[in-house]
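# Examination of the molecular architecture
In case you want the letters, here they are:
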Amino acid sequence: MIRRRSTPWIHRWSRTVMAAIAAIGVVETAYLTIAKFTTGSVICPTSGCDKVLNSPYATVGTVPLSLLGCLAYLSIVILALAPKGVNPNTNKGLHSQLEKNTWQALFIITAAMVIFSSYLMYLMAFEVQELCIYCITSALFSLSLFVLVLVGREWEDIGQLVFTGILVAMVSSIGALGLYNSVNSPGPTVSTPGIVPPAVTTTSGPAQIALARHLRQIGAKEYGAYWCPHCHDQKILFGKEAAKIIDYFECDPRGQNSRAEICQAAAANVKGFPTWEINGQFYAGTQSLDKLADLSGYTGPRNFQN
């Protein structure tokens, strides 16, 4: 009598465990997304979470990375549980097809998440230089899900799996680098030689960074000149990190990264420096951050520290 080999426990429970981990990931990233759209602040033992959440690297255009992560985790929940909704005794063909296709999709998604999470860990450590518990937890979730996909079933064609993994790694890496360049870019200007304005010595808090990102997203512009003390005062209010996010137009042709031609086109409304253009209206002089928040319809945190 030939004894049938028992199914390893990890093969029986891998999908359930993946769905459970991904469900926690959905809750975590949904919380971060809600916080991003509302207060801009999260419950965290350190200030690093807020700084990472409001950093220039936390969004793709106007879409928070946490929202994209939430969708990825939700996809894993659906894929992991999909075959369980079909009875293998009554519909064996559909069940087998779902088993095969969803494992392939799970491998691709979790591999991409591991690559992208590694990229985000690099940004957190070397660019933002802050510790975010939520980001580290999500990275561990991504790694755990990828390992579960690898050990959760018997893969018949290892060569095809490796080939697919290499393709996913290449595409994810290129996408991550492209995202880095687009997020890290301060604006559409080209770096050109010229006189450098005084250095900004103050640091930005989460509220300043959130306001600066909001102003950039709605198309607000600040017109100024390197020699203008009031322009420097405005940057001091924002802090050095947030000041880099602002869409600033250097109007003196001798200044670094000058955009004098654009300033000239707006000369009828720019009578002095700095001048803010917000929603088609122009406001001259150094503006308080609260006033800029009011003028721009900003609804995030207002605990401005400078």
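A few words on the sheet that holds strand β4 (residues 248-250). Spatially, the four strands line up as an open sheet ordered β4-β3-β5-β6, and their pairing is mixed. Of all strands in the sheet, those bounded by a partner on one side alone are β4 and β6 (281-284). Neighbour-to-neighbour, the strand axes of the sheet open up by a mean angle of 20 degrees, direction not taken into account. Summarising the sheet, strand β3 (residues 221-224) and β4 pair through three bridges and their orientation is parallel. Looking across to β4, one finds that E222 is bridged to Y248. Against the sheet, helix α8 (residues 229-238) contacts β3, β4 and β5 (275-278), and its axis sits at roughly 140 degrees relative to β3.

Before going further, it helps to examine the pairing of β5. The side-chain alternation of β5 yields two buried faces, one formed by T275 and E277 and the other by W276 and I278. Relative to β5, β3 runs antiparallel, the two sharing three bridges. Opposite K221, over in β5, you have E277 as the bridge partner. Note: β5 against β6, four bridges, orientation antiparallel. Residue pairing for β6: I278 is matched across the bridge by Q281. Between β5 and β6, which follow one another and run antiparallel, lie two residues, and N279 among them has a positive phi close to 50 degrees.

It is worth spelling out the state of the cysteines at this point. This model, assessed by the stated rule, comprises two disulfides. The partner cysteine of C44 in its disulfide is C49, sulfur to sulfur 2.0 Å. The disulfide joining C44 to C49 has a torsion of about 45 degrees about its S-S bond and is therefore right-handed. Covalently, C251 is tied to C263 through a disulfide, its sulfur atoms 2.0 Å apart. Looking down the S-S bond of the C251 and C263 bridge, the torsion is -75 degrees, so its handedness is left-handed.

Time to look at the packing of aromatic side chains. Using the criterion set out here, one finds ten aromatic pairs in the structure. With a centroid separation of 5.9 Å and an interplanar angle of 35 degrees, the aromatic rings of F107 and F146 are classed as tilted. Here F107, found in helix α4 (residues 92-128), pairs with F146, found in helix α5 (residues 133-151); they are 39 residues apart in sequence, far enough to count as distant. Of the two residues examined, F107 and F146, each falls in the buried class. Taken together, the ring pairs connect W103, F107, F146 and W155 into an aromatic cluster.

So, how was this worked out
Residues take numbers from 1 onward in each chain, read along the sequence in its written order. In keeping with the model being predicted, local features are shown solely for residues with a pLDDT of at least 70 and side-chain atom pairs are shown and tallied solely at 80 or more, while totals for entire chains, interfaces and linings include all residues. Only hydrogens and water are set aside; all other atoms, that is, all heavy atoms of the structure, feed into the side-chain values. Pairing between strands is defined by DSSP: at least two bridges between them are needed. Each helix corresponds to a stretch of at least 4 residues labelled H or I by DSSP, and each strand to a stretch of at least 2 residues labelled E; elements are numbered beginning at the N terminus. Axes here refer to lines fitted to C-alpha atoms; in helices the fit is confined to the stretch in contact. Angles between the N-to-C directions go from 0 to 180 degrees. Only heavy atoms matter for contacts: two residues are in contact if any of them lie within 4.5 Å across the pair. The cut-offs for exposure are 20% and 50% of the maximum accessible area for each residue type, with area from a 1.4 Å probe on protein chains only; residues under the lower value are buried, those over the upper are exposed, and the others partly exposed. Throughout, a disulfide means two cysteine sulfur atoms within 2.5 Å of one another. Ring pairs shown here join Phe, Tyr and Trp side chains whose ring centres sit within 6.5 Å, with only the six-membered ring taken for Trp; geometry is labelled stacked below 30 degrees between planes, edge-to-face above 60, and tilted in between.

On their own, these measurements won't tell you what the molecule is for.
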